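As a plain string of letters, each chain reads:
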Amino acid sequence: MAQEPEGNNRLLQDVLVRPGNDTCADCGNPEPDWASLTLGVFVCQACSLLHRSIPHISRVKSVQDTWDASDVELMAAMGNNAAKAKYEQKVPAFYYRPTHSDCKLLREQWIRAKYERNEFEFIEKQEPYSAGYREGFLWKRGRDNGQFLSRKFILSEREGALKYFNKQDARDPKAVMKIETLNATFQPAKIGNPCGLQITYLKDNSTRNIFVYHSDAKEMVDWFNAIRAARFHYLQVAFPGASDEELVPKLTRNFMKEGFMEKTGPKHTEGFKKRWFTMDDRRLMYFKDPLDAYARGEVFIGSKENSYTVLSGLPPSTQGYHWNHGITIVTPDRKFLFACETEAEQRDWIAAFQRVINRPMRPQEYAVEAHFKHKP
């Protein structure tokens, strides 16, 4: 005799609590409340919306709906762990696995790579980002006029660099970015394009920003993972004894925090000016505009063991600020004064600074700190 719908849903709940099924198969979010009937995986609501963009591959249904016995059997036969063993069997160590907090582009392309393109079942499909060499055209934002223009980019692990050329037939690159200091982070809101990628590198130990996008989402994510692959192979040579688990977090990084604050100069007598701030690991950079190529200035944030502290508020004598929520960063050399527009922003910035200050400095960071002290 066929199960009543309530009985089927009870059986489905039993399947849901099995190991692996208690988190989203695609982004790791806890307590997934949707399922793909065709793939046999449980996913969160956000990922279920991305599954709807591949209806020829995935048909989704809420776990709260009424379920047929045959659909419950299908979910019981597969489930997240079995699907992972199939669809993620050959994910390269360097490949970025998105979480629920990542942008839509990364999450959607991860889902398409797994289920639509089967990239992690057939290693030859990974060539666009694992070959050690990649070239193509990206739309790059002009440094001075802000226009996006098509530029040729070449990433070469052998040369240890990412280069771009202003003219299609140019022999010499406009910029050479060493893989050693390269970083890439998706910034769709800041760049104003769903595929917007911010690439940073060090030039004379100062940070340089490049903003790019491609109209094809897969192309852009392939570029991102090609940069991660190049960084991975560079670090494997630089740190021969290190495990994959130690190297993977160093491949690319998102900024700890970004946003507008006001700042004053070293004498603390100048008026406060509104600037865009980016906290990138131990570098606090400030820009006149969020899309500037170069920072107006950079501040090194060390650790509490080295006499760095962050305080809420400004010294009593401070004048010239418009925003009322102050922050003082004390370094061995001087105090830096900032003001935030809201209490929530102040709280978030202090938490970001505190995380960095609480972390002991690594040996190579002392060399970076020394360079900051000797800047003119």
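Residues numbered from 1 in each chain as written. Predicted model: local features only at pLDDT ≥ 70, side-chain atom pairs only at ≥ 80, totals over all residues. Heavy atoms only, no water.

A. Region of interest: the packing of helix α5 (residues 104–116) against helix α8 (residues 217–238). For the pair α5 and α8, interaxial distance at closest approach is 10 Å and the crossing angle is 95°. Classified by the angle between their axes, α5 and α8 sit roughly perpendicular to one another. Side by side, α5 and α8 meet where Leu105, Leu106 and Gln109 of the first sit next to Ala217, Lys218, Val221 and Phe224 of the second. Among the residues making up the contact of α5 with α8, the classes are represented as 5 nonpolar, 1 polar and 1 charged. (Axes fitted to C-alpha atoms, helices over the stretch in contact; angles between N-to-C directions. Helix = DSSP H or I, 4+ residues; strand = E, 2+ residues; numbered from the N terminus. Parallel < 35°, antiparallel > 145°, perpendicular 65-115°, else oblique. Contact = heavy atoms within 4.5 Å. Nonpolar A, V, L, I, M, F, W, Y, C, P; charged D, E, K, R; others polar.)

B. Region of the structure containing the domain arrangement of the protein chain. Along its sequence, the protein chain is organised into domain 1 (3–116), domain 2 (127–250) and domain 3 (257–374). Using C-alpha coordinates to define each centre, domain 1 is positioned 43 Å away from domain 3. (Domains from an automatic or database assignment.)

C. Region of the structure containing the sheet that holds strand β2 (residues 41–43). A sheet is described by the order of its strands in space; here 3 strands give the open sequence β2-β1-β3, paired in antiparallel fashion. A strand with exactly one partner marks an edge of an open sheet, and here the two such strands are β2 and β3 (60–62). On average, each strand axis in the sheet is tilted by 30° relative to the strand beside it, whichever way the strands run. (Pairing = 2+ DSSP bridges.)

D. Focus on the pairing of strand β17 (residues 335–340). Of all 6 residues that make up β17, 5 are buried, and the element is covered over most of its length. Strand direction decides the pairing type here: strand β11 (residues 257–263) and β17, joined by 2 bridges, are antiparallel. Each residue of the ladder has a partner; that of Lys263, found in β17, is Phe338. Where strand β16 (residues 325–330) meets β17, 6 bridges bridge the pair, whose relative direction is antiparallel. Considered in β17, the bridge of Gly326 is made with Ala339. Taking the residues that link successive antiparallel strands as the turn, the β16-β17 hairpin has 4 residues. (Buried < 20%, exposed > 50% of the residue type's maximum accessible area, 1.4 Å probe, protein only.)

E. Here's a closer look at unusual backbone geometry. Of note in the backbone geometry, Asp204 takes a positive phi value of approximately 55° without being a glycine. Counting through the fold element by element, Asp204 comes out in the loop between β9 (197–203) and β10 (206–213). Given a relative accessible area of 69%, Asp204 falls into the exposed group.

F. Expanded view of the packing of aromatic side chains. In total, this model carries 22 aromatic pairs according to the counting rule given. A ring pair is formed by Phe300 and Tyr308, whose centres lie 6.3 Å apart and whose planes are at 70°; its orientation type is edge-to-face. In terms of burial, Phe300 and Tyr308 fall into one category: buried. Aromatic rings pair up to connect Phe94, Tyr95, Trp110, Phe120, Tyr129 and Phe232 into one cluster. Over the ring of Trp67 we find Lys61, and its NZ or CZ is 5.2 Å from the ring centre. In this structure, Arg208 is placed above the aromatic ring of Tyr294, and the distance from its NZ or CZ to the ring centre is 5.1 Å. (Phe/Tyr/Trp six-rings, centres within 6.5 Å; stacked < 30°, edge-to-face > 60°. Lys NZ or Arg CZ within 6 Å of the ring centre and 35° of its normal.)

G. Main features of the UniProt feature "domain: PH" (unreviewed entry) in the protein chain. Following the UniProt record, the feature "domain: PH" (unreviewed entry) maps to residues 131–232 and 254–358 here. With 15% helix and 38% strand, residues 254–358 has end C-alpha atoms that lie 19 Å from one another. (UniProt positions renumbered as here; feature names shortened; annotations may be inferred.)

H. Structural view of helix α4 (residues 79–87). For α4, every residue scored as buried is listed here: Gly79, Asn80, Ala83 and Tyr87. Projected down its long axis, α4 carries its buried residues within an arc of 125°, all on one side. Those residues of α4 hidden inside the fold are in contact with β2, α3 (69–77) and α5. (Arc of directions from axis to C-beta.)

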